[in-house]
Amino acid sequence: MHSAVPPGKLKVFLGAAPGVGKTYRMLDEGRRRAGRGKDVVVALAECHRRPHTEKMLDGLEVIPRAQRAYRGADFTELDLAAVLERRPEVALIDEIAHTNVPGGRNAKRWQDIEELLAAGIDVVTTINIQHLESLNDVVQKITGVPQRETVPDEIVRRAEQIELVDMPAEALRRRMAHGNIYPPEKIDAALSHYFRIGNLTALRELALLWVAGRVDEALQKYRYEHRIGKVWETRERVVVALTGGSEGETLIRRAARIATRSSGGDLLAVHVVRSNGLTDSSPAALARQRQLVESLGGTFHSVVGDHVPTALLEFARAENATQLVVGTSRRSRLRRLLAEQGVGETTVELSGDIDVHMVTHERAGGGRVLPLHGNSLPVTRRVAGPVAGIVLPVLLTVLLRTASHPLHLNLTSQTLLFLTTVVAVACIGGVVSAVLASISASLLLNYYFIPPVGEFTIAEPNNILGLAAFTVVAVIVAAIVDRSLRLSRRAANATAEAETLSSLAGHILRGDQAVSALLNLTRETFGMASAVLVRRSGDEPTCPSGEADLSIPIGPDSLLLLKGRALAASERRVLTAFAAHLAAALERARLAEAAAEVEPVKAADRMRTALLAAVSHDLRTPLASGWAAVSGLRSRDVDFSDEDREELLATAEESLAKLNRLVDNLLDMSRLQAGALTLRLRPTAPAEVLPLALDTLPESSVPVLAPGLEEAADVLADPPLLERVLANLVANAVRHSPSGKPVSVSASALGPWVEIRVVDRGPGLQPAERERAFEPFQRMGDTDNSAGLGLGLALSRGLTEAMGGTLTPEETPGGGLTMVVSLPAVHPVRDEVMA
């Protein structure tokens, strides 16, 4: 019986931009490993005819690529079967984000790499930061260039090693200018577009931050696995403690300034929900403070803890925080003298290697004297109560023995003073201390103040009744104080639960309903080490639930597993609410998936309905005109002149041409909606397609110019469909351009794309209206229905995307609208270079 093959290891060279030298570094890594005796092959390397990079192939075995034909063109791809059959120890594979030509085993190259790793083959590969799925939209906003080839972040994160290939923006532009990246004819366009200093600097920062985050994840995992509780000051992390009071905004801004002083510092705000927690916290204030934290680039967290200083420090250590910001006490000086240490002082004592900042604020020292609620009396009060129960009656006795005669105090006054002392002891130590105080006070009152003085006997029955009443009243008062403490604890528990549920409701209202977000909130709120949602197969979960400390059913087929600590009964009640929201989030996700499957069908149905409604009117005009012209020509009752006959023939021809264009648009739109459009992609020259597109348009006073179009690179497109796209775009530009203002059609290459621009000098479109212009049956600015169905732009975008391109509107400098058609270049400018 053969044992399972251990999976291979992945190493990724990550670059900030094309041209930093990832391929060179990958081949250098292969040569280094081969020099150590490893069996290394080059499964695929994109050298792009660069001498320095090609020289790195010397001495390395190269696996021939697989030849693949697709839609009339020949392509080469990674030969996965050959690599698996060869079974090297290490395979070098360039460009993990590449999309394979159809016809192979996998759609994406990263899927090929996963097969090799599963077969036990180590893989070294490359990727640019713009190809990571999580950063794709960010990069597009920065550079303005859409990236269609992406890799899920998780694929790259699983790599055993990720090495950043870095280069300053100025050095990369010099390399471009020297011709080490793109051919000479592409250099100027690249330097003025994608390779601008700002773009390259932003991409470099993204790459550095992403790699730093990956390193931080690895560090946190190492600390957790090795149970390292000490703070490692690898980067500044500032935690600010919020109570829900009005001083929170002051603390947040102070903490943000501390984090800003250290470049790359993180800001984390934490609110501790506790069973003996603050009764004056405000959910509304916490919501405002959360918004402030997030606006400053920080994150808000809520945790549960019975002892606030311990909970704060545990959270700070778990996040590897270096600094903790807390507010100075809101208690009055009297309260600080009579009670135990506050949260700030205790946090400082327990902080260890975490720096604690005690920040003053407008409410420092001015708070009202709030009772300290707890599950039990603090140790200081449990000790001070019995001691006070003995010492205070003795001190009062000494005081009364010396002051009773000058002050002329009678027995009634003396008894009331002793009763006041017992009540004070009850407030300090509870019922037990009060009973002890009442016994000692009654004995001292009997011996020193009730006749006969100096004896424990009582001469008058009335004094016996007074002493008994004194003892009973003292015990009752102590019992009431103790009961009030218990009720306060219950109220505090209810307040803590309400605060937690309010925080959960806030997440739901803000739209934080994703299952992952709720799981993270559950873990943080209850102070657990992990919170995992697993599916159950029958009665068994898909992963062992015995490894978890707590399991909660979520719906009929899921289970929430929590690991970290045991929860109290009150916390379990709150956890039930979290479980209910998780179940609802799962159900919403399922419904969203179902709705997403139904939406294309609904869209197609809406399109068919709209087409039928539009056809009834817009086809009537050319049909009626053509019908009338032909009927007139056939009439024997009228003798037409040659000029009249020519005019009728021209009318019939124009009407039939318009009818033909409308029918073609309708049929193409119907095929697009049904997914039945047949594509025949092949190398196509834009200069050859444009004249055919212009021939289908009616005569116009607006000229159409095509400067430099003959020199444009070929694109991978379906020529008839590209002709239809250009015809619709030019017709739209001509319709909106002033008479005598020419429409321009030009093309330029940028990396793997060719951009065809149709430029007009018309009124243009506001940014908010540009996307609406691509909706079917929209005629922007038209007030009648004689201009057609309004399908031109919608059809052009659909046909362009079907050919693997994009159609986007831009503002024309000086006024007007520019439609940019981006299509794959037949011989694209690739993004690898020697380092």
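Up top is the structure.
Residues numbered from 1 in each chain as written. Predicted model: local features only at pLDDT ≥ 70, side-chain atom pairs only at ≥ 80, totals over all residues. Heavy atoms only, no water.

### Some remarks on the packing of aromatic side chains
The geometry of an aromatic ring pair is captured by two quantities: the separation of the ring centres and the angle between the planes. Counted according to the given criterion, the structure contains 2 aromatic pairs. Plain terms: the ring middles of tyrosine 447 and tyrosine 448 are 4.9 Å apart, the flat faces sit at 75° to each other, and that makes the pair edge-to-face. On the basis of relative accessibility, which here comes to 26%, the residue tyrosine 447 falls in the partly exposed class. Tyrosine 448 gets classed as partly exposed once you look at its relative accessible area, which sits at 30%. (Phe/Tyr/Trp six-rings, centres within 6.5 Å; stacked < 30°, edge-to-face > 60°. Buried < 20%, exposed > 50% of the residue type's maximum accessible area, 1.4 Å probe, protein only.)

### A few points about the pattern of salt bridges
Tallied over the full model, the rule gives 18 salt bridges. Here glutamate 163 ties to lysine 11 by a salt bridge, and the two come within 3.2 Å at their closest N and O atoms. Here lysine 11 lies in strand β1 (residues 10-15) and glutamate 163 lies in strand β8 (residues 161-165), a separation of 152 residues in the sequence. The class for lysine 11 is buried, based on a relative accessible area of 4%. For glutamate 61, the salt bridge goes to arginine 86, with nearest N and O atoms at 2.7 Å. (Salt bridge = Lys/Arg side-chain N within 4 Å of Asp/Glu carboxyl O. Helix = DSSP H or I, 4+ residues; strand = E, 2+ residues; numbered from the N terminus.)

### Let's talk about the nonpolar core
Core analysis: the biggest nonpolar cluster contains 65 residues, and Leu27, Leu92, Ile129, Phe195 and Trp210 have the highest contact counts within it. Tallying contributions element by element places helix α9 (residues 197-225) first for this core, with 6 residues. Leaving out residues up to four positions away in the same chain, leucine 92 has contacts with Met26, Leu27, Gly30, Val40, Val41, Val42, Ala43, Leu44, Leu60 and Val124. By size, the runner-up hydrophobic cluster in this structure holds 41 residues, among which are Leu726, Val754, Leu807 and Leu823. (Core = buried A, V, L, I, M, F, W, Y, C linked by side-chain atoms within 4.5 Å. Contact = heavy atoms within 4.5 Å.)

### Concerning the environment of serine 701
Mapped onto the secondary structure, serine 701 falls in the loop between α22 (686-695) and β19 (704-705). Along the primary structure serine 701 and serine 739 are separated by 38 residues, whereas in three dimensions their C-alpha atoms are 5.9 Å apart. If sequence neighbours within four positions are ignored, serine 701 has contacts with Ser739 and Gly740.

### Here we look at the packing of helix α12 (residues 308-318) against helix α14 (residues 343-350)
Packed helix pairs are characterised by how far apart their axes lie and by the angle those axes make with each other. Running from N to C, α12 and α14 cross one another at 45°; their axes reach a closest spacing of 9 Å. With respect to each other, α12 and α14 are oriented oblique. Classified by chirality, the crossing of α14 by α12 is right-handed. Facing Val308, Pro309, Thr310, Leu312, Leu313 and Arg317 of α12, the residues of α14 in contact are Val343, Thr346, Thr347 and Leu350. Counted by class, the contact of α12 with α14 contains 6 nonpolar, 3 polar and 1 charged residues. (Axes fitted to C-alpha atoms, helices over the stretch in contact; angles between N-to-C directions. Parallel < 35°, antiparallel > 145°, perpendicular 65-115°, else oblique. Left-handed = near helix turned anticlockwise from the far one by under 90°. Nonpolar A, V, L, I, M, F, W, Y, C, P; charged D, E, K, R; others polar.)

### Observations concerning the sheet that holds strand β21 (residues 743-750)
Taken together, the 5 strands give an open sheet; going across it, the order is β19-β21-β22-β24-β23, and neighbouring strands pair in mixed fashion. Either end of the sheet is taken by a strand with one partner, and the two such strands are β19 and β23 (806-811). In terms of strand pairing, β19 meets β21 through 2 bridges, oriented parallel. Looking at β21, one finds that valine 704 is bridged to valine 743. (Pairing = 2+ DSSP bridges.)

### Looking at a nonpolar patch on the surface
A cluster of nonpolar residues, Val383, Val387, Ile390, Val391, Leu392, Val394, Leu395, Val398 and Leu436, forms a patch on the protein surface that exposes about 710 Å² of accessible area. Ranked by residue count, the leading element in the nonpolar patch is helix α15 (residues 379-407), at 8 residues. Mapping valine 391 onto the fold places it in helix α15. For valine 391, a relative accessible area of 38% translates into the label partly exposed. (Patch = residues over 30% accessible without salt bridge, like charges linked within 9 Å, V, L, I, M, F, W, Y side chains within 5 Å. Areas by Shrake-Rupley, 256 points an atom, 1.4 Å probe, with all protein chains shown as cover.)

### A look at the sheet that holds strand β9 (residues 237-242)
Reading across from one edge, β11-β10-β9-β12-β13 is the order of the 5 strands in this open sheet, with parallel pairing throughout. Unpaired on one side and paired on the other, β11 (299-304) and β13 (355-359) mark the two borders of the sheet. Put simply, the sheet's adjacent strands are angled 25° from each other on average, direction ignored. Where strand β12 (residues 323-327) and β13 come together, 5 bridges link them in parallel fashion. Within β13, the position partnered with valine 326 by the bridge is methionine 358. Of the strands in this sheet, β9, β10 (266-273), β11 and β12 are in contact with α12, which crosses β10 at around 150°. Together, β12 and β13 form the strand contacts of α14, whose direction differs from that of β13 by roughly 160°.

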